[in-house]
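Geometric and topological summary
Each chain is listed here by its residues.
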Amino acid sequence: MATPYSGNAPPLAQPAQDTGPIIRRIGLSDLHDALRRGWEDFKEVPSHAIILCVIYPVLGLVLARAVLGYSVLPLLFPLAAGFALLGPFAALGLYELSRRRELGQEPSAWDALDVFRSPSFGAMLGVGTLLFALFVVWIATAQAIYVAAFGYEAAAEIPDFARRVLTSPQGWWLIVVGCGVGFLFALVALCISVVSFPLMLDRHASAAEAMVTSLRVVAANPVAMAAWGLIVAALLVVGSIPLFLGLAVVVPLLGHATWHLYREVIAPDPFQRPTPPRPPREKRPAADFPANLFPWRRKDGA
């Protein structure tokens, strides 16, 4: 199978008994190429990507309002940083759009929903649940760190919170410890999900196989994966600054780029059979609504 992704070096030698995907060594130039291809995908289907990811800025605004309204201001930054933990699962539809463009098709917004019909969607849901659990533990940990630094007294408003964090020894301790612990959570998420979801979508791998492959990718390319993690973190910070609205562009870009990163680092399977095209959706007249929501109740001639 021909592929435009060659990497900077030949694939790593695989043991004879290893039937897992072949891992390539990649460099920083391959990360740039993945981002470039991801940007091309985003430009080709920008409306679809924004529709799929509009939940991010909306959720960000809701979280900001909740923080300001319910005196949980210290959790605003951890909640924003937590997007990096959930992003790989939330970008499933974007991987499907990039996959279809790679096959020479013209993807539509409906095509992104085909991930729900994937044979490996159960495995994707399992890894996504694991990432969500990691997100919940991170929020609880961030809250515990804040309480250890300042106690249970909540900041009155943003200026008071900023002064407390930036001008006191407790605040400096909070920044150092919080960022250090957050880095560990992000590292775990990166190691188990950097190529997990594209692999499950493309080759219908199991959840365990996908996570093990992601760990192998990180072990084989520590410098490149560290750089990728920094790129993801930096772009998410930039996208979060203007009231989270930038995430409507950043998240689709990273989602598409992750698919191309997967293609860069995982050698194609020469024995993989092409997935047969799914049958087209039946077009039903609007007059049948809402009966067309219950196809099992429809009868011939009805």
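For the structure, see preceding data.
Being a predicted model, the structure only gives us computed values, none of them experimental. (Residues numbered from 1 in each chain as written. Predicted model: local features only at pLDDT ≥ 70, side-chain atom pairs only at ≥ 80, totals over all residues. Heavy atoms only, no water.)

1. Some points on the overall build of the protein chain
On a plain count of helices and strands, the protein chain comes out with 14 helices and 0 strands. Classification of the 302 residues of the protein chain by burial places 44% in the buried group. Summing over all exposed atoms, the protein chain offers an accessible surface of approximately 16400 Å²; the carbon and sulfur share of this is 69%. (Helix = DSSP H or I, 4+ residues; strand = E, 2+ residues; numbered from the N terminus. Buried < 20%, exposed > 50% of the residue type's maximum accessible area, 1.4 Å probe, protein only. Areas by Shrake-Rupley, 256 points an atom, 1.4 Å probe, with all protein chains shown as cover.)

2. Topic: helix H11 (residues 196-203)
A large share of H11 lies buried, amounting to 8 of its 8 residues. Three or more residues of H11 are buried, namely Ser196, Phe197, Pro198, Leu199, Met200, Leu201, Asp202 and Arg203. Structurally, H11 contributes buried residues whose contacts are with helix H5 (83-90), helix H6 (92-102), helix H8 (121-150), helix H10 (169-193), helix H12 (207-220) and helix H14 (247-265). Following H11 by one or two positions, histidine 204 adopts a phi angle in the positive range, close to 55°. (Contact = heavy atoms within 4.5 Å.)

3. A look at the environment of alanine 189
Position of alanine 189 among the secondary structure elements: in helix H10. Since its relative accessible area comes to 4%, alanine 189 is described here as buried. When the C-alpha atoms of alanine 189 and leucine 130 are compared, they prove to be 9.3 Å apart, with 59 residues separating the residues in sequence. Discounting residues that sit within four places of it in the chain, alanine 189 has contacts with Leu85, Leu131, Leu134 and Val194.

4. A few points about the packing of H8 against H10
Between H8 and H10, the least distance of the axes is 10 Å, while the angle of their chain directions is 170°. Classified by the angle their axes make, H8 and H10 are roughly antiparallel. Of the residues contributing to the contact of H8 with H10, the split by class is 18 nonpolar, 6 polar and no charged. (Axes fitted to C-alpha atoms, helices over the stretch in contact; angles between N-to-C directions. Parallel < 35°, antiparallel > 145°, perpendicular 65-115°, else oblique. Nonpolar A, V, L, I, M, F, W, Y, C, P; charged D, E, K, R; others polar.)

5. What to know about the packing of H8 against H11
Orientation of H8 relative to H11, taken along the N-to-C sense of each, is 170°, at an axis distance of 10 Å. Taken together, H8 and H11 sit at an angle that is classed as roughly antiparallel. Mapping the contact onto sequence places Ala123, Met124, Val127, Gly128 and Leu131 in H8 and Phe197, Met200 and Leu201 in H11. Looking at side-chain class alone, the contact of H8 with H11 contains 7 nonpolar, 1 polar and no charged residues.

6. Looking at the packing of aromatic side chains
For the structure shown, the criterion picks out 7 aromatic pairs. Centre to centre, the rings of tyrosine 146 and phenylalanine 150 are 5.2 Å apart; their planes meet at 45°, and the pair counts as tilted. Residue tyrosine 146 and its partner phenylalanine 150 are located together in helix H8, separated by 4 residues, close to a single helical turn. Looking at phenylalanine 150, the relative accessible area reads 17%, which means it is buried. (Phe/Tyr/Trp six-rings, centres within 6.5 Å; stacked < 30°, edge-to-face > 60°.)

7. Here's the deal with the environment of methionine 124
In this fold, methionine 124 is placed in helix H8. Under the relative-accessibility criterion, methionine 124 is labelled buried at 0%.

8. Digging into the side chain of arginine 24
Of note, arginine 24 is situated in the segment before helix H1 (28-44). Although arginine 24 is buried, it makes no salt bridge; glutamate 264 carries the closest opposite charge, 5.8 Å away. At 3.1 Å, the side chain of arginine 24 and the backbone oxygen of arginine 263 are in polar contact. (Lys, Arg positive; Asp, Glu negative; His and termini not counted. Salt bridge = Lys/Arg side-chain N within 4 Å of Asp/Glu carboxyl O. Polar contact = N/O pair within 3.5 Å; in protein donor to acceptor, adjacent residues only side chain to side chain.)

9. Side note on the side chain of asparagine 221
By the secondary structure assignment, asparagine 221 is in the loop between H12 and helix H13 (222-240). A polar atom in the side chain of asparagine 221 sits 2.7 Å from the backbone nitrogen of isoleucine 26. Those residues in contact with asparagine 221 that sit more than four places away from it in its chain are Ile23, Arg24, Arg25, Ile26 and Val265.

10. Points about the nonpolar core
Among the nonpolar cores identified, the biggest contains 62 residues, and Val194, Phe197, Met200, Val217, Met225, Trp228 and Leu261 are the most heavily contacted of them. Tallying contributions element by element places H8 first for this core, with 10 residues. (Core = buried A, V, L, I, M, F, W, Y, C linked by side-chain atoms within 4.5 Å.)

11. Side note on H8
One turn of the α-helix equals 3.6 residues, which is why residues spaced by three or four share an orientation. Taking 1.5 Å of rise per residue, 30 residues should cover 44 Å, and H8 covers 43 Å from first to last C-alpha, within 8% of that figure. Glycine 151, located one to two residues past H8, shows a positive phi value of around 80°. (Expected span 1.5 Å × (residues − 1).)

12. Thoughts on the pattern of salt bridges
Across all of its chains, the model carries 10 salt bridges by this definition. With its nearest N and O atoms 2.4 Å apart, the salt bridge here joins aspartate 33 to arginine 36. Placement of both aspartate 33 and arginine 36 in helix H1 is noted, with a separation of 3 residues, approximately one turn of the helix. Assessed through its relative accessible area of 36%, arginine 36 is described here as partly exposed. One salt bridge connects arginine 101 with aspartate 41, and the closest N-O pair in it is separated by 2.4 Å. Of this pair, arginine 101 sits in helix H6 while aspartate 41 sits in helix H1, and the two are 60 residues apart along the sequence. Each of Glu96, Arg99, Arg100, Asp114 and Arg117 takes part in one network of salt bridges that share partners.

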